[in-house]
Number of protein chains: 2
Amino acid sequence: MPSGTADLDALFHALSDATRRAIVERLTHGAASVSTLAEPFAMSLPSVVQHLGVLERAGVVESEKTGRVRTYRLVPDATAPARAWLGRHRLPAEQRLDRLAEHLAGAPDA
Amino acid sequence: MPSGTADLDALFHALSDATRRAIVERLTHGAASVSTLAEPFAMSLPSVVQHLGVLERAGVVESEKTGRVRTYRLVPDATAPARAWLGRHRLPAEQRLDRLAEHLAGAPDA
(Lines give C-alpha, C1' and ligand atoms only; values in the text may rest on other atoms or scores of the structure.)
Protein backbone atom coordinates (compact mmCIF):
# COMPACT_ATOMS: atom_id res chain seq x y z
CA MET A 1 0.00 0.00 0.00
CA PRO A 2 1.45 3.43 -0.91
CA SER A 3 2.36 5.50 2.13
CA GLY A 4 5.51 7.56 1.43
CA THR A 5 5.68 10.96 -0.22
CA ALA A 6 6.44 9.65 -3.72
CA ASP A 7 3.66 7.09 -3.31
CA LEU A 8 1.14 9.80 -2.39
CA ASP A 9 2.33 11.83 -5.40
CA ALA A 10 1.65 8.82 -7.66
CA LEU A 11 -1.69 8.06 -6.00
CA PHE A 12 -3.09 11.60 -6.27
CA HIS A 13 -1.68 11.90 -9.81
CA ALA A 14 -3.38 8.61 -10.82
CA LEU A 15 -6.72 10.02 -9.61
CA SER A 16 -6.30 13.39 -11.36
CA ASP A 17 -7.69 12.10 -14.66
CA ALA A 18 -11.41 11.56 -15.35
CA THR A 19 -10.82 8.44 -17.49
CA ARG A 20 -8.71 6.82 -14.78
CA ARG A 21 -11.35 7.67 -12.15
CA ALA A 22 -14.03 6.11 -14.42
CA ILE A 23 -11.89 2.94 -14.68
CA VAL A 24 -11.63 2.80 -10.86
CA GLU A 25 -15.41 3.30 -10.63
CA ARG A 26 -15.98 0.41 -13.08
CA LEU A 27 -13.60 -1.87 -11.13
CA THR A 28 -15.50 -1.32 -7.85
CA HIS A 29 -18.13 -3.58 -9.48
CA GLY A 30 -15.60 -6.37 -10.08
CA ALA A 31 -12.53 -7.39 -12.09
CA ALA A 32 -12.55 -6.75 -15.85
CA SER A 33 -10.41 -7.32 -18.94
CA VAL A 34 -8.71 -4.48 -20.82
CA SER A 35 -11.25 -4.69 -23.68
CA THR A 36 -14.22 -4.59 -21.25
CA LEU A 37 -12.66 -1.57 -19.54
CA ALA A 38 -12.03 0.14 -22.90
CA GLU A 39 -15.65 -0.27 -24.13
CA PRO A 40 -17.26 2.86 -22.59
CA PHE A 41 -14.44 5.16 -23.74
CA ALA A 42 -14.02 6.72 -27.19
CA MET A 43 -10.36 5.89 -26.88
CA SER A 44 -7.82 3.54 -28.48
CA LEU A 45 -6.90 0.35 -26.61
CA PRO A 46 -3.25 1.52 -26.19
CA SER A 47 -4.48 4.73 -24.48
CA VAL A 48 -6.57 2.69 -22.05
CA VAL A 49 -3.58 0.39 -21.43
CA GLN A 50 -1.49 3.48 -20.68
CA HIS A 51 -4.05 4.73 -18.13
CA LEU A 52 -4.13 1.25 -16.55
CA GLY A 53 -0.32 1.40 -16.32
CA VAL A 54 -0.50 4.68 -14.37
CA LEU A 55 -3.09 3.16 -12.00
CA GLU A 56 -1.03 -0.04 -11.59
CA ARG A 57 2.24 1.80 -10.84
CA ALA A 58 0.36 3.90 -8.24
CA GLY A 59 -0.83 0.67 -6.58
CA VAL A 60 -4.52 1.36 -7.29
CA VAL A 61 -5.07 -1.68 -9.55
CA GLU A 62 -3.34 -5.00 -10.07
CA SER A 63 -3.53 -7.33 -13.07
CA GLU A 64 -3.21 -10.99 -13.92
CA LYS A 65 -2.73 -12.57 -17.33
CA THR A 66 -4.58 -15.79 -18.16
CA GLY A 67 -3.78 -16.99 -21.66
CA ARG A 68 -4.11 -13.88 -23.84
CA VAL A 69 -6.47 -11.98 -21.54
CA ARG A 70 -5.17 -9.58 -18.88
CA THR A 71 -7.67 -8.96 -16.09
CA TYR A 72 -7.54 -5.91 -13.82
CA ARG A 73 -8.94 -5.54 -10.32
CA LEU A 74 -8.81 -2.88 -7.60
CA VAL A 75 -6.19 -3.34 -4.88
CA PRO A 76 -8.10 -3.45 -1.55
CA ASP A 77 -7.75 -0.20 0.42
CA ALA A 78 -5.39 1.21 -2.22
CA THR A 79 -6.68 4.75 -1.78
CA ALA A 80 -6.58 4.63 2.04
CA PRO A 81 -3.36 6.76 2.26
CA ALA A 82 -5.04 9.51 0.20
CA ARG A 83 -8.15 9.41 2.40
CA ALA A 84 -5.97 9.46 5.52
CA TRP A 85 -3.98 12.45 4.26
CA LEU A 86 -7.15 14.37 3.37
CA GLY A 87 -8.64 13.56 6.77
CA ARG A 88 -5.58 14.85 8.64
CA HIS A 89 -5.04 18.06 6.67
CA ARG A 90 -8.15 20.08 7.25
CA LEU A 91 -8.83 23.31 9.06
CA PRO A 92 -8.86 22.83 12.87
CA ALA A 93 -12.53 23.92 13.06
CA GLU A 94 -13.51 21.24 10.53
CA GLN A 95 -11.56 18.61 12.47
CA ARG A 96 -13.22 19.68 15.72
CA LEU A 97 -16.68 19.40 14.12
CA ASP A 98 -15.77 15.88 12.92
CA ARG A 99 -14.65 14.85 16.41
CA LEU A 100 -17.83 16.30 17.91
CA ALA A 101 -19.94 14.31 15.42
CA GLU A 102 -17.98 11.14 16.27
CA HIS A 103 -18.39 11.83 19.99
CA LEU A 104 -22.16 12.33 19.68
CA ALA A 105 -22.53 9.21 17.49
CA GLY A 106 -20.51 7.14 19.98
CA ALA A 107 -21.90 8.52 23.27
CA PRO A 108 -23.48 5.58 25.17
CA ASP A 109 -26.54 7.25 26.73
CA ALA A 110 -26.61 10.83 25.40
CA MET B 1 -16.23 24.39 -4.09
CA PRO B 2 -14.97 22.11 -6.89
CA SER B 3 -17.46 19.41 -7.82
CA GLY B 4 -17.35 18.74 -11.58
CA THR B 5 -14.99 16.42 -13.44
CA ALA B 6 -12.52 19.14 -14.44
CA ASP B 7 -12.59 20.47 -10.86
CA LEU B 8 -11.77 17.01 -9.45
CA ASP B 9 -8.93 16.71 -12.00
CA ALA B 10 -7.52 20.04 -10.78
CA LEU B 11 -8.02 19.15 -7.11
CA PHE B 12 -6.28 15.75 -7.29
CA HIS B 13 -3.55 17.26 -9.49
CA ALA B 14 -2.97 20.06 -6.95
CA LEU B 15 -2.47 17.42 -4.22
CA SER B 16 -0.10 15.24 -6.30
CA ASP B 17 2.97 17.26 -5.34
CA ALA B 18 4.76 16.96 -1.98
CA THR B 19 5.59 20.70 -1.80
CA ARG B 20 1.96 21.66 -2.42
CA ARG B 21 0.80 19.16 0.23
CA ALA B 22 3.34 20.67 2.67
CA ILE B 23 1.93 24.14 1.93
CA VAL B 24 -1.61 22.87 2.66
CA GLU B 25 -0.34 21.29 5.89
CA ARG B 26 1.25 24.62 6.95
CA LEU B 27 -1.97 26.52 6.17
CA THR B 28 -4.07 24.25 8.41
CA HIS B 29 -2.30 26.13 11.25
CA GLY B 30 -3.46 29.51 9.92
CA ALA B 31 -3.03 32.04 7.12
CA ALA B 32 0.51 32.94 6.00
CA SER B 33 2.33 35.23 3.60
CA VAL B 34 4.22 33.93 0.53
CA SER B 35 7.60 34.51 2.20
CA THR B 36 6.53 32.66 5.37
CA LEU B 37 5.29 29.77 3.24
CA ALA B 38 8.52 29.73 1.22
CA GLU B 39 10.80 29.58 4.32
CA PRO B 40 10.88 25.78 4.90
CA PHE B 41 11.53 25.00 1.23
CA ALA B 42 14.87 25.07 -0.55
CA MET B 43 13.08 26.71 -3.43
CA SER B 44 12.94 30.09 -5.16
CA LEU B 45 10.06 32.43 -4.31
CA PRO B 46 8.72 32.26 -7.91
CA SER B 47 8.53 28.44 -7.65
CA VAL B 48 6.52 28.70 -4.43
CA VAL B 49 4.27 31.32 -6.07
CA GLN B 50 3.73 28.90 -8.96
CA HIS B 51 2.71 26.09 -6.54
CA LEU B 52 0.35 28.52 -4.77
CA GLY B 53 -1.17 29.38 -8.15
CA VAL B 54 -1.92 25.69 -8.81
CA LEU B 55 -3.53 25.38 -5.36
CA GLU B 56 -5.52 28.61 -5.86
CA ARG B 57 -6.84 27.61 -9.32
CA ALA B 58 -7.91 24.25 -7.84
CA GLY B 59 -9.86 26.12 -5.15
CA VAL B 60 -7.74 24.75 -2.28
CA VAL B 61 -6.36 28.14 -1.14
CA GLU B 62 -7.44 31.74 -1.52
CA SER B 63 -5.36 34.89 -1.15
CA GLU B 64 -5.73 38.53 -0.23
CA LYS B 65 -3.30 41.37 -0.84
CA THR B 66 -2.78 44.00 1.88
CA GLY B 67 -0.27 46.63 0.79
CA ARG B 68 2.63 44.64 -0.63
CA VAL B 69 1.95 41.42 1.27
CA ARG B 70 -0.21 38.66 -0.19
CA THR B 71 -1.64 36.32 2.44
CA TYR B 72 -2.86 32.81 1.69
CA ARG B 73 -5.39 30.75 3.62
CA LEU B 74 -7.12 27.39 3.11
CA VAL B 75 -10.60 27.49 1.59
CA PRO B 76 -12.92 25.77 4.12
CA ASP B 77 -13.91 22.25 3.00
CA ALA B 78 -11.99 22.69 -0.26
CA THR B 79 -10.93 19.04 -0.38
CA ALA B 80 -14.41 17.70 0.47
CA PRO B 81 -15.16 16.65 -3.16
CA ALA B 82 -11.96 14.56 -3.22
CA ARG B 83 -12.84 12.92 0.11
CA ALA B 84 -16.39 12.29 -1.11
CA TRP B 85 -15.14 10.70 -4.35
CA LEU B 86 -12.67 8.47 -2.47
CA GLY B 87 -15.39 7.46 -0.01
CA ARG B 88 -17.79 6.45 -2.80
CA HIS B 89 -15.33 4.53 -4.99
CA ARG B 90 -14.18 1.66 -2.87
CA LEU B 91 -14.66 -2.08 -3.08
CA PRO B 92 -18.18 -3.12 -1.97
CA ALA B 93 -16.76 -5.15 0.96
CA GLU B 94 -14.90 -2.09 2.25
CA GLN B 95 -18.04 0.03 1.96
CA ARG B 96 -20.07 -2.60 3.81
CA LEU B 97 -17.51 -2.68 6.64
CA ASP B 98 -17.71 1.14 6.86
CA ARG B 99 -21.51 1.04 7.04
CA LEU B 100 -21.35 -1.67 9.73
CA ALA B 101 -18.95 0.48 11.77
CA GLU B 102 -21.25 3.51 11.38
CA HIS B 103 -24.26 1.41 12.34
CA LEU B 104 -22.55 0.08 15.49
CA ALA B 105 -21.35 3.56 16.46
CA GLY B 106 -24.82 5.02 15.94
CA ALA B 107 -26.97 2.22 17.40
CA PRO B 108 -29.02 3.77 20.26
CA ASP B 109 -29.06 0.93 22.81
CA ALA B 110 -26.95 -1.86 21.32
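Residues numbered from 1 in each chain as written. Chains lettered and ligands numbered in written order. Predicted model: local features only at pLDDT ≥ 70, side-chain atom pairs only at ≥ 80, totals over all residues. Heavy atoms only, no water.

(A) Local environment of the relation of the copies chain A and chain B. Superposing chain A onto chain B takes a rotation of 180 degrees combined with a translation of 0.0 Å along the rotation axis, leaving an RMSD of 0.1 Å. Classification of the inter-copy transformation places it as that of a two-fold axis. Here 100% of the contact residues of chain A are again contact residues in chain B; the copies associate through an equivalent surface. (Least-squares fit on C-alpha atoms with pLDDT ≥ 70 in both. Contact = heavy atoms within 4.5 Å.)

(B) The interface of chain A and chain B, seen in detail. Between chain A and chain B, the residue contacts involve 32 residues of the former and 32 residues of the latter. Around 2,700 Å² of area is buried between chain A and chain B when both sides are counted, 62% of it from carbon and sulfur atoms. Inspection of the chain A/chain B interface yields four salt bridges. At the junction of chain A and chain B, the tally comes to 10 residue pairs in polar contact (both at pLDDT 80 or more). (Buried area = accessible area lost by both parts, 1.4 Å probe. Salt bridge = Lys/Arg side-chain N within 4 Å of Asp/Glu carboxyl O. Polar contact = N/O pair within 3.5 Å; in protein donor to acceptor, adjacent residues only side chain to side chain.)

(C) Up close: helix 1 (residues 5–14) of chain A. Those residues of helix 1 of chain A lying buried are L8(A), L11(A), F12(A) and A14(A). Around the axis of helix 1 of chain A, the buried residues are gathered within 160 degrees of arc, so they sit on the same side. The inward-facing, buried residues of helix 1 of chain A contact helix 2 (18–27), helix 4 (45–57) and helix 5 (80–88) of chain A together with helix 1 (5–14) and helix 2 (18–27) of chain B. (Buried < 20%, exposed > 50% of the residue type's maximum accessible area, 1.4 Å probe, protein only. Helix = DSSP H or I, 4+ residues; strand = E, 2+ residues; numbered from the N terminus. Arc of directions from axis to C-beta.)

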